[in-house]
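# Survey of secondary and tertiary structure
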Amino acid sequence: MLEVRDISKWFGGNPVLHDITFRIEQGEVVGLIGPNGAGKTTLFNVLSGFYRSKTGAIRFKGEEISRLNPEDICRKGLCRTFQITKPFSNLTVFNNVVIGALSRERGIRQAEKKADEILDLVEMTSKRDLPGRSLTIADRKRLEVARALATSPDLLLLDEVMAGLNPNELKGMIDLVKRLTELGITLFVIEHIMTVIMGISDRIIALDHGELICEGPPKKVADDPKVLKAYLGEDYVAAQG
Amino acid sequence: MSSTLFAQLVISGILLGGIYALSSIGLTLIFGVMKIVNFAHGEFLMLAMYVSFWLFHSLHIDPYLSMVISVPLFFVVGMLTYKIFIRKTIGAPILAQIFVTVGLSIIIENLALLFWSADFRTVSLAYLSKPLIVGPFPGLGLEEIIVNKARFIAFFLGISLSVAFYLFMKFSYLGKVIRATSQDRTTALLMGINIDRVYTLSFAMGILLVGIAGALMIPIYTVHPFVGFEFVLIMFVVVVLGGMGSIMGAMIAGLFIGVVEVFSGFLIGPESKQAIYFLVFIAVLVFRPSGLFGEKGEEELERIEAIGE
Amino acid sequence: MNKGAKRDVLILIAGVAFFALLPLFVKNDFYLDGFILIFVWGAFAGAWNIISGYGGMVSLGHNAFFGIGAYTSTLLFLRQGVSPWVGMWAGAVIAAVIGVILGVICFRLRSHYFALATLAFGQVASILALNWRGLTEGAEGLTLPIHPSFTKMIFATKLGYVYMGLGLLIAVLLITYFIENSKLGYFLVAFRENEDAARALGVRTGRVRLVAMAVSSALSALIGSFYAQYLLYIDPSSVIRLQIAVQVALFAIVGGVGTVFGPFIGALIFIPITIFLRAKLGSALPGLHMVIYGGILILVLFYMPKGIYGMLREKYFPSSRIFK
């Protein structure tokens, strides 16, 4: 589904991503973890076309996409959500989703039909006619997912859609993510909450200081000393011996 | 072109540029700190010219002395303008940010027209009437160079005040607070800086600076209600060229535009010169939105902030 | 069609009928002139609204497109004998091409920077009109000979201009309505609301804005041509000075940006004020009407940011699909 080879990104003189290489297979749920500033969102920005990598290649469904714009990448079936949610504040939840659907659907009517289906799927039908600005954090995150879903993605990049939710909301979001996998959508997920990411991912990729430090099944990554070091510091790892 | 003529043009250009620099600094300060383009800046300059004109005309106060009155006056005008109009536009949609000051400029311009009519008014000072003759400098191969006294004074005071203001911004506590706020509003807020007060003071200082510029310009230019519009366009060019928000940039760009204007006026005629520098202006906006002399990367930083991490 | 939409259509038909029939009963040229100006400025503000209202790209350079229309049709007629009916389309094409070029160059600029760049563009156009004397006769302007004839788009009575103006206005309103209810409108609004989110959802924000810019500038030029035919005399100050760009923006903002009828409502309010003040005061208090314009503009921005029609629509006309 997605093949990433040797991509790098600098801001000024600082490498934020350095020679990142990995693959994501059809139907997988891959988690992306790493401490703050590790480069997770930057990686999403590169994959979704908001940043350009000066090196390497990104192949999506066998096609080179590293030179494409975000809008064209989305139309190829790779869609992302934003960690800092970006609802269209003055439009209703429904029309937020309609706009997502429009890039794939032929006309407004078809897009509206699709939007209603999606609102049903993400259980937001009751908020259908509220303006985007009036939503709670949890609903904003849900709207991010709903809109992205409306673009009929094959691969969906979820950027911290569970951050800042209360336990109840969190459970709802986990259910939603599971439903997405049942629909056959491949997921690449940034998440801070370890138990959650371990639970939903088939495989995990860990970043630290822009480097890919570990990759594998959740259990293996969780026990990897480099990951522990990145999260907890040298001393902790040494003390655990 | 003889070397004397060349030197004459350069000197005229630099003298002109000093005026542009001083009047643009306020505009760039206001943009840098509160990210608002003050479309009414030219109209405040026009008001300042009128103030000095009327003080001279009715009370016989020398325009250079009138600064003693216009400086505090325009500081207060700036403060009130901020509190009544500008404050409401901070964080408002772009339409409000642009058109509130556009509306202000329409109101001020036409009030001036109502009260003072469209007549052209000038202040001529006897002691300035004879130009300074510099030279000849046989060693440099230059003949006599003519320097307009009023322009020389305006340049000298304008540049000194600009430099003083630059130093003030760089080293004084208030200057540091203002610069901190313009770099990162949120962090400044977290550091306990009273943003609203910084904005009030910055706007007031920006307007105060055109108060000074007005007094320096009235012995040189005629004042009429539409004079602000003529100058504000040049100020935009200077500010964009210097990098929006950069005081040093505005000073350099002011001098640069002064020289460009004098040369292009001489070489291709006064009518087309404006068109030329507006085209330069668009080119700079497009290819180097941070300005020719501004710091790089502001645009990119904004992008990074917008999409996270 | 739901009940609300039905009522809207009825109101619309009544409105069109009102403006179509009323001029027949008005015998006074002074008032007919008022109608024509309302239609011209309402239509022009509507054209501006397409890119700046729906698309959120605030242009301060639309005077250039208006002027391009006025000068193109007038010059083609005076120099080549081309009928203004053809010339106006030539102007529209030129304006659209220039609009698209301006868009390609300047759309990467954000908010204030774009406004400043278009301001400079409009100013360059007006300087050219003033100084390219070989083409435009500069400040002396161009005069169209008064020989009423339909093929020359010169009407014998004001009524002819009234109906042509009304036709243009209705065309602009229909186009705007069509845009608002099409992908183009949804995408423009998405861009205006949040560019990054729009792009992430597959909205080709560049292309969408270029289309809007082309439509907006072409319509502005068409209206400019018509205005020239009405005045029968054009000079830089009547068709291309910067104040024109500010004025259309002002009408649209007060009426309601990003709405079908807002810009027209703006013109409907402001033009009578202007005419009334001019008639009452003559040249006694020059600039008074502009002071009032500026005051209303600021008040609306502060207390009614959606504009007059924007507020009405929220309360009484919830039938628009995208704005509920």
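The following refers to the structure shown. Just so it is clear, the model here is predicted, and its values are computed rather than measured.

A count of helices and strands for chain B gives twelve helices and two strands. For chain B, the C-alpha radius of gyration of 20 Å lies close to 19 Å, the compact-globule estimate for 309 residues. Taken along the three principal axes of its C-alpha coordinates, chain B extends 60 × 45 × 35 Å. With 309 residues in all, chain B has 55% of them scored as buried. Taking as baseline every contact in chain B between residues at least 6 positions apart, the subset at least 24 positions apart corresponds to 77%. If you sum the accessible surface of chain B, you get close to 12900 Å²; carbon and sulfur atoms cover 70% of it. Averaged over its 17 positive side-chain charges, chain B has a centre that lies 7 Å from the centre of its 18 negative ones.

This paragraph deals with the overall build of chain A. Counting secondary structure elements, chain A contains ten helices and ten strands. Taking 241 residues into account, the globule formula puts the C-alpha radius of gyration at 18 Å, and chain A, at 18 Å, falls close to it. On the principal axes, the C-alpha backbone points of chain A span a range of 60 × 40 × 35 Å. Here chain A holds 241 residues, and the buried ones make up 56% of them. Pairs at least 24 apart in sequence give 64% of the contacts found in chain A among residues at least 6 apart. For chain A, the computed accessible surface area is about 10000 Å², with 50% contributed by carbon and sulfur atoms. Looking at charge distribution, chain A has the averaged site of its 33 positive side-chain charges lying 5 Å from that of its 33 negative ones.

Residue-level contacts link 45 residues of chain B with 41 residues of chain C. Together, the buried faces of chain B and chain C total about 4000 Å²; carbon and sulfur atoms form 80% of this surface. When the area that chain B buries against chain C is broken down by residue, the three leading residues are Leu95(B), Phe99(B) and Leu114(B), summing to 16%. Inspection of the chain B/chain C interface yields one residue pair in polar contact (both at pLDDT 80 or more). Secondary-structure elements contributing two or more residues to the side of chain B that touches chain C are helix H3 (63-86), helix H4 (94-116), helix H9 (227-242), helix H11 (270-287) and helix H12 (298-307) of chain B. Here the side of chain B that touches chain C is built from residues that sort into 34 nonpolar, five polar and six charged.

Turning our eyes to something else, we now look at empty space enclosed by the protein. Applying the stated criterion across every chain yields a total of one cavity of 30 Å³ or more. There is about 30 Å³ of room inside the largest cavity. For the largest cavity, the full set of lining residues is Arg80(A), Thr81(A), Phe82(A), Glu144(A), Arg147(A), Ala197(C), Ala200(C) and Leu201(C). Broken down by class, the residue content of the lining of the largest cavity amounts to four nonpolar, one polar and three charged.

Further remarks concern a nonpolar patch on the surface. Together, Leu132(B), Val134(B), Phe137(B), Leu140(B), Phe152(B) and Phe156(B) make up a nonpolar patch on the protein surface, roughly 540 Å² of accessible area in all. Of all elements in the fold, only strand S1 (132-134) and helix H5 (149-171) of chain B reach the threshold of two or more residues within the nonpolar patch.

Glancing now at the packing of helix H12 (residues 242-255) of chain C against helix H15 (residues 307-316) of chain C. Two measures define how a pair of helices packs: the angle their axes make with one another and the distance between the axes. Residue and element names in this part refer to chain C. The contact between H12 and H15 brings their axes to 3 Å, and the two run at 25°. Of the possible angle classes, the one that applies to H12 and H15 is roughly parallel. In this structure, H12 uses Ile253, Val254 and Gly255 to contact H15, whose residues at the interface are Gly307, Ile308, Tyr309 and Gly310. Of the residues assigned to the contact of H12 with H15, the class counts are four nonpolar, three polar and no charged.

Calculation criteria
- Residues numbered from 1 in each chain as written.
- Chains lettered and ligands numbered in written order.
- Predicted model: local features only at pLDDT ≥ 70, side-chain atom pairs only at ≥ 80, totals over all residues.
- Heavy atoms only, no water.
- Helix = DSSP H or I, 4+ residues; strand = E, 2+ residues; numbered from the N terminus.
- Rg over C-alpha atoms; globule rule 2.2 N^0.38 Å.
- Buried < 20%, exposed > 50% of the residue type's maximum accessible area, 1.4 Å probe, protein only.
- Contact = heavy atoms within 4.5 Å.
- Areas by Shrake-Rupley, 256 points an atom, 1.4 Å probe, with all protein chains shown as cover.
- Lys, Arg positive; Asp, Glu negative; His and termini not counted.
- Charge placed at Lys NZ, Arg CZ, Asp CG, Glu CD.
- Buried area = accessible area lost by both parts, 1.4 Å probe.
- Polar contact = N/O pair within 3.5 Å; in protein donor to acceptor, adjacent residues only side chain to side chain.
- Nonpolar A, V, L, I, M, F, W, Y, C, P; charged D, E, K, R; others polar.
- 1 Å grid on protein atoms, 1.4 Å probe; cavity = no way out; pocket = protein on both sides within 12 Å on 5 of 7 lines; lining within 4 Å.
- Points joined across faces, edges and corners; volume = space filled by probe spheres on them.
- Patch = residues over 30% accessible without salt bridge, like charges linked within 9 Å, V, L, I, M, F, W, Y side chains within 5 Å.
- Salt bridge = Lys/Arg side-chain N within 4 Å of Asp/Glu carboxyl O.
- Axes fitted to C-alpha atoms, helices over the stretch in contact; angles between N-to-C directions.
- Parallel < 35°, antiparallel > 145°, perpendicular 65-115°, else oblique.

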